[in-house]
There are 2 protein chains.
Amino acid sequence: MPVNLNLEPGRAVRGVSIATVASGIKADNSVDLVLFHLAPQTRAAAVFTRNAFCAAPVTLCREHMQKNEGRVRGLLINSGNANAGTGEAGLQMARGHCEALSSSLDVPVTSILPFSTGVIGQLLPDQKMHAGIALCCSNVHDPGSAAESSLGLVADKGIDAWAAAARGIMTTDTQPKLTSRTIQVDGQSVVLTGMSKGAGMIQPNMATMLAYVFTDASVSSEHLDSVLKSTVDVSFNAITVDSDTSTNDAVVLCATGQGPELSPAHEAWPEFVETLTVLCRDLAQAIIRDAEGASKFITVAVNGGRDLAECKAVAYSIANSPLVKTAMFASDANVGRLLMAIGKADIPDLDANKVSVSLGDVLAFENAGIASAYTEERGAEVMQRDEITVTVELSRGQAATEVYTSDLSHDYVSINADYRS
Amino acid sequence: MPVNLNLEPGRAVRGVSIATVASGIKADNSVDLVLFHLAPQTRAAAVFTRNAFCAAPVTLCREHMQKNEGRVRGLLINSGNANAGTGEAGLQMARGHCEALSSSLDVPVTSILPFSTGVIGQLLPDQKMHAGIALCCSNVHDPGSAAESSLGLVADKGIDAWAAAARGIMTTDTQPKLTSRTIQVDGQSVVLTGMSKGAGMIQPNMATMLAYVFTDASVSSEHLDSVLKSTVDVSFNAITVDSDTSTNDAVVLCATGQGPELSPAHEAWPEFVETLTVLCRDLAQAIIRDAEGASKFITVAVNGGRDLAECKAVAYSIANSPLVKTAMFASDANVGRLLMAIGKADIPDLDANKVSVSLGDVLAFENAGIASAYTEERGAEVMQRDEITVTVELSRGQAATEVYTSDLSHDYVSINADYRS
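Residues numbered from 1 in each chain as written. Chains lettered and ligands numbered in written order. Predicted model: local features only at pLDDT ≥ 70, side-chain atom pairs only at ≥ 80, totals over all residues. Heavy atoms only, no water.

Each helix and strand counted, chain A has 11 helices and 18 strands in total. For 421 residues, the compact-globule estimate of 2.2 N^0.38 gives 22 Å, and chain A sits close to it at 22 Å. Here the C-alpha coordinates of chain A stretch approximately 70 × 50 × 35 Å along the principal axes. The burial tally for chain A puts 65% of its 421 residues in the buried class. Taking the intrachain contacts of chain A between residues at least 6 apart in sequence as the baseline, contacts between residues at least 24 apart amount to 80%. In the structure as shown, chain A presents an accessible area of about 14,400 Å², 48% of it carried by carbon and sulfur atoms. (Helix = DSSP H or I, 4+ residues; strand = E, 2+ residues; numbered from the N terminus. Rg over C-alpha atoms; globule rule 2.2 N^0.38 Å. Buried < 20%, exposed > 50% of the residue type's maximum accessible area, 1.4 Å probe, protein only. Contact = heavy atoms within 4.5 Å. Areas by Shrake-Rupley, 256 points an atom, 1.4 Å probe, with all protein chains shown as cover.)

Here it is as structure tokens:
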């Protein structure tokens, strides 16, 4: 069961048509192929995994983004198979899917971005993919015709289509993650809607699992690029389930250009950036709330560092420690394991005497020893909660960061000992 | 159940008297205090944890080793309580224990090295410690009088005492880890005997859990220093259970000077170093064989790296990946997760096309794709074994390394969700 996964409801974004198909990649015949068809005015930015064994579609996305000047017309996502570790054959397949889509939608092939998520090291079922792509295209050409087909729900521009898409990109997720925010710009509503997926193999580096964020505002690809990078740093790049960085991580931000123009010169820009940041943080936290086996949502806040890098090092050392995570699962106020994790982060000249640690608002450790007012009972009271904040004060500078993580439970082991990801 | 934990039998070392006491630190009244009383000729070298929150006894050991020129007369080890995160009070207590021992044995206080292992963040029961120390001392003064006392077994110089000591330093270990090797030097036998403990919070950095190695040879502290550092690098610094570095890790090497003199100038030196390395590797691997929840013993071999650092980075990225470790637990030949772990190790300019991966002697991945002769059946056959070697060939240099690890099982979660370490 996800931990308090209560997102603001999703809203459709003008300039986006959606088709979803159960193409048969997933054995259970649920939706596994999603097409976002984007209006001609759309500009986009994207960030991808830094894993050296990046998947074939990630290689193609990078290639296309280098050539298309941010002009993106189609996002094609399949779940159930990651098309990673599949060599030249996998790359040629992904190229064929982009070409089929390009020809069917009559858009440049470089305007297509392909994404895959699921099992690593197996070739995609190519015929099923092509059949699914054809069905997606015939539907987005006639978006009024939303209907059940033999291959499953083929949806349209309405919110049902968005909900189906959010479900269609899932793998071990137990719930779809779709949410929206609206701001007013020049007297008009601007909608920001995003979806994310991912529950394991989560410690994004530069990007994350899969996340797609759309707005109907009109924003240049250059400005989308810069705002995406800064936003991802405090959202998708601030989460970890298991310290494992996927081969397929990607975050895409699309502005469909149907609404008002926005740029850093506009007075509404700060609100747009702030809203985008909140939306991305909600989607990133949603991944943690639905993490494999999660029974707790844990925030690790590190303050008083010399720079951001050392704050992140301490925060991830805690958030990735199997001993900290099993203690969290057991609701054990195990301050010793927190100290161990801070101490192993290899921070130069860290003065253990100046470090303090709090569980929730209870000060547990200071002056190199257990805090005088601390009792096991006060710690235990905090640990019983399903949302726990661990705060570390390093007392050597002004930098601060937050990282979000889950606990390590029997269900995590069961899920990953049973599931071939 | 440990995985094939079959060590060569232990032998007593001349120049070492042992006392073991159940002082009541451990709730189950098993032996929790061990004294090694060393002959006046003894010289020693030691390495300690790099965790910034190192325990009070580690601080004292470092202080004493800086002053004693390698002249060590007593090792005092308590299990059940780590005396870490205990601030000034913990340091004063440890100082008091060293002073009591120094006065009772009539040796300089700097010749005493104290060690603690167990729960972090709680003060030691000081009275019980002092009572235990007094009993240890009265016994080693009269080592013939091995007997059961009200505080438990108080042993002598014989092999029973060594076995009791190896058991007395355990925490979550399920079996004691004691082993010996003998070499011939100048027509005389030289014995090397070591013991180690540790089962979780294991990814030593510079040293490891607790390990004590004794030889009756006569070796200068300077030579002991250099041979210990190189030996530890390929033994205790090549293992990981859970990526967590303890606050209390220490390895001590003592030469009691009862046998022949050895130095790098002696023709038997290479054999001494090699034998010491084998002994330490056996003890380090014994920790992995008895790791918390272990059902497999996994060797990760990385070859063809540009330097040792990148080989270790790849090896530890695999050995610490929760997804790799759960796949190992499930006997799942999950090549994709191995690729993910190699790829996230952040090796500059790694060419994924040149990397190959084998499970046992079965080539699974090459040329950026699944190897042509590989089948799931061949992979599955390897994964069913309880000892598995994963070999990664980076094909970009001559460096190579091996790292030893265990799988991530339900028992690991149970042990660490139940045990306050």
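Let's shift gears to the packing of helix 7 (residues 308-319) of chain A against helix 9 (residues 335-343) of chain A. Residues and elements named next belong to chain A. Remark: helix 7 packs on helix 9, axes separated minimally by 8 Å, with the N-to-C direction vectors making an angle of 135°. When the interaxial angle is binned, helix 7 and helix 9 end up oblique. When the axes of helix 7 and helix 9 are compared, the crossing they make is right-handed. Here helix 7 contributes Val314, Ser317 and Ile318 to the contact with helix 9, which in turn contributes Leu338, Ala341 and Ile342. Here the residues of the contact of helix 7 with helix 9 are counted per class, giving five nonpolar, one polar and no charged. (Axes fitted to C-alpha atoms, helices over the stretch in contact; angles between N-to-C directions. Parallel < 35°, antiparallel > 145°, perpendicular 65-115°, else oblique. Left-handed = near helix turned anticlockwise from the far one by under 90°. Nonpolar A, V, L, I, M, F, W, Y, C, P; charged D, E, K, R; others polar.)

On to the relation of the copies chain A and chain B. Superposing chain A onto chain B takes a rotation of 180° combined with a translation of 0.0 Å along the rotation axis, leaving an RMSD of 0.0 Å. One copy is carried onto the other by what is essentially a two-fold rotation axis. Residue histidine 410 of chain A of chain A places its C-alpha closer to the rotation axis than any other residue of that unit, at 2.9 Å. Same-surface contact between copies: 100% of interface residues of chain A are shared with the interface of chain B. (Least-squares fit on C-alpha atoms with pLDDT ≥ 70 in both.)

Before going further, it helps to examine the side chain of histidine 64 of chain A. Residues and elements named next belong to chain A. Relative to the elements of secondary structure, histidine 64 occurs in helix 1 (residues 56-67). Relative accessible area serves as the criterion here: at 4%, histidine 64 is assigned to the buried category. Other than its neighbours up to four places away in sequence, histidine 64 contacts Cys98, Val109, Thr110, Ile112 and Leu113.

This part is about the sheet that holds strand 8 (residues 177-185) of chain B. Residue and element names in this part refer to chain B. Within the open sheet, the five strands sit side by side as 3-12-10-9-8. Their pairing is mixed. Here the strands that pair on one side only, and so sit at the sheet edges, are strand 3 (43-48) and strand 8. For this sheet, the mean inter-axis angle between neighbouring strands, taken without regard to orientation, is 10°. Judged from the nine bridges that link them, strand 8 and strand 9 (residues 188-197) form a sheet pairing that is antiparallel. (Pairing = 2+ DSSP bridges.)

Here we come to helix 5 (residues 221-233) of chain B. Residue and element names in this part refer to chain B. Its 13 residues place the ends of helix 5 18 Å apart at the C-alpha level, agreeing with the 18 Å of an ideal helix rising 1.5 Å per residue. By the burial criterion, the buried members of helix 5 are Ser221, Leu224, Val227, Leu228, Thr231 and Val232. Taken around the axis of helix 5, the buried residues stretch over an arc of 125°, which confines them to a single face. The inward-facing, buried residues of helix 5 abut strand 3, strand 12 (250-255) and helix 6 (269-289). (Expected span 1.5 Å × (residues − 1). Arc of directions from axis to C-beta.)

Successive residues of a regular strand alternate their side chains across the two faces of the sheet. All names here are of chain A. When you tally the buried positions in strand 2 (residues 33-38), you get six out of six residues, the bulk of the element. Because side chains alternate across strand 2, one face comprises the buried residues Leu33, Leu35 and His37, and the other comprises Val34, Phe36 and Leu38, equally buried. Pairing analysis gives six bridges linking strand 1 (residues 16-21) to strand 2, with the strands arranged antiparallel. Bridge pairing links isoleucine 18 to phenylalanine 36 in strand 2. When strand 2 meets strand 4 (residues 74-81), the two strands line up antiparallel, connected through five bridges. From the neighbouring strand, valine 34 faces strand 4, where its bridge partner is isoleucine 77.

As a packed pair, helix 11 (residues 410-418) of chain A and helix 8 (residues 322-329) of chain B sit with axes 8 Å apart at the nearest point and diverge in direction by 70°. One finds that helix 11 of chain A runs roughly perpendicular with respect to helix 8 of chain B. Facing Tyr412, Val413, Asn416 and Ala417 of chain A of helix 11 of chain A, the residues of helix 8 of chain B in contact are Pro322, Leu323, Thr326, Ala327 and Phe329 of chain B. Residue classes in the contact of helix 11 of chain A with helix 8 of chain B are distributed as seven nonpolar, two polar and no charged.

This part is about the interface of chain A and chain B. The partner chain B presents 52 residues to the 52 residues of chain A that form the contact. Joining chain A to chain B, the criterion identifies zero salt bridges. In this assembly, chain A and chain B are joined by seven residue pairs in polar contact (both at pLDDT 80 or more). Of the residues in the side of chain A that touches chain B, the class split is 24 nonpolar, 20 polar and eight charged. (Salt bridge = Lys/Arg side-chain N within 4 Å of Asp/Glu carboxyl O. Polar contact = N/O pair within 3.5 Å; in protein donor to acceptor, adjacent residues only side chain to side chain.)

Residues and elements named next belong to chain B. Among the secondary structure elements, serine 180 is positioned in strand 8. Separated by 16 residues in the primary sequence, serine 180 and serine 196 have C-alpha atoms spaced 12 Å apart. In contact with serine 180, other than residues within four places in its own chain, are Glu8, Pro9, Gly10, Arg11, Leu192, Thr193 and Leu279. In this structure the side chain of serine 180 is engaged in a polar contact, spanning 2.6 Å, whose partner is the side chain of threonine 193.

It is worth spelling out the layout of surface pockets at this point. Its volume calculated, the second largest pocket comes out at about 440 Å³. For the second largest pocket, the lining is made up of 25 residues, of which Ala352 of chain A together with Ala52, Phe53, Cys54 and Thr59 of chain B are closest to its centre. Secondary structure elements with two or more residues in the lining of the second largest pocket: helix 1 (56-67) and helix 2 (87-105) of chain B. Taken together, the residues of the lining of the second largest pocket break down into 13 nonpolar, eight polar and four charged. (1 Å grid on protein atoms, 1.4 Å probe; cavity = no way out; pocket = protein on both sides within 12 Å on 5 of 7 lines; lining within 4 Å. Points joined across faces, edges and corners; volume = space filled by probe spheres on them.)

Here a ring pair, both rings aromatic, is described through the centre-centre distance and the interplanar angle of the planes. On inspection of all chains with the given rule, the structure shows 16 aromatic pairs over all chains. Ring geometry for phenylalanine 297 of chain A against tyrosine 404 of chain A: centres 6.0 Å apart, planes inclined by 20°, an arrangement best described as stacked. Here phenylalanine 297 of chain A, found in strand 13 (residues 297-305), pairs with tyrosine 404 of chain A, found in strand 18 (residues 399-406); they are 107 residues apart in sequence, far enough to count as distant. Assessed through its relative accessible area of 5%, tyrosine 404 of chain A is described here as buried. With 4.8 Å between their ring centres and 35° between their planes, phenylalanine 36 of chain B and phenylalanine 214 of chain B make a pair best called tilted. In this pair, phenylalanine 36 of chain B is assigned in strand 2 (residues 33-38) and phenylalanine 214 of chain B in strand 10 (residues 210-215), connecting sequence segments 178 residues apart. Each member of the pair phenylalanine 36 of chain B and phenylalanine 214 of chain B is classed as buried. (Phe/Tyr/Trp six-rings, centres within 6.5 Å; stacked < 30°, edge-to-face > 60°.)

In this section: the confidence of the model for chain A. Residue and element names in this part refer to chain A. Across chain A, pLDDT averages 87, with 92% of residues at or above 70. When the elements of chain A are averaged for pLDDT, strand 6 (residues 147-149) gives the smallest value, 42, and strand 17 (residues 387-393) the largest, 97. Confidence drops under pLDDT 50 across residues 143-155; counting only partners more than four residues distant or on other chains, this segment forms 30 contacts. (pLDDT = per-residue confidence, 0-100.)

Turning our eyes to something else, we now look at the environment of phenylalanine 48 of chain B. All names here are of chain B. Inspection of the secondary structure assignment puts phenylalanine 48 in strand 3. Look at phenylalanine 48 and you get buried, because its relative accessible area is 8%. Linking phenylalanine 48 and aspartate 249, residues 201 residues apart in sequence, is a C-alpha distance of 5.6 Å.

Moving on, we come to the pairing of strand 15 (residues 362-366) of chain B. All names here are of chain B. Taken together, the three bridges between strand 14 (residues 356-359) and strand 15 define a ladder with antiparallel strand orientation. Bridge pairing in strand 15 links leucine 359 to valine 362. Hairpin connection between strand 14 and strand 15: a loop of two residues separates the two successive antiparallel strands, and glycine 360 in this loop has a positive phi of roughly 55°. As paired elements, strand 15 and strand 16 (residues 369-370) share two bridges and run antiparallel to each other. In the sheet register, glutamate 366 faces strand 16, and the bridge partner there is glycine 369. What sits between strand 15 and strand 16 in their antiparallel hairpin is a turn of two residues, with asparagine 367 showing a positive phi close to 50°.

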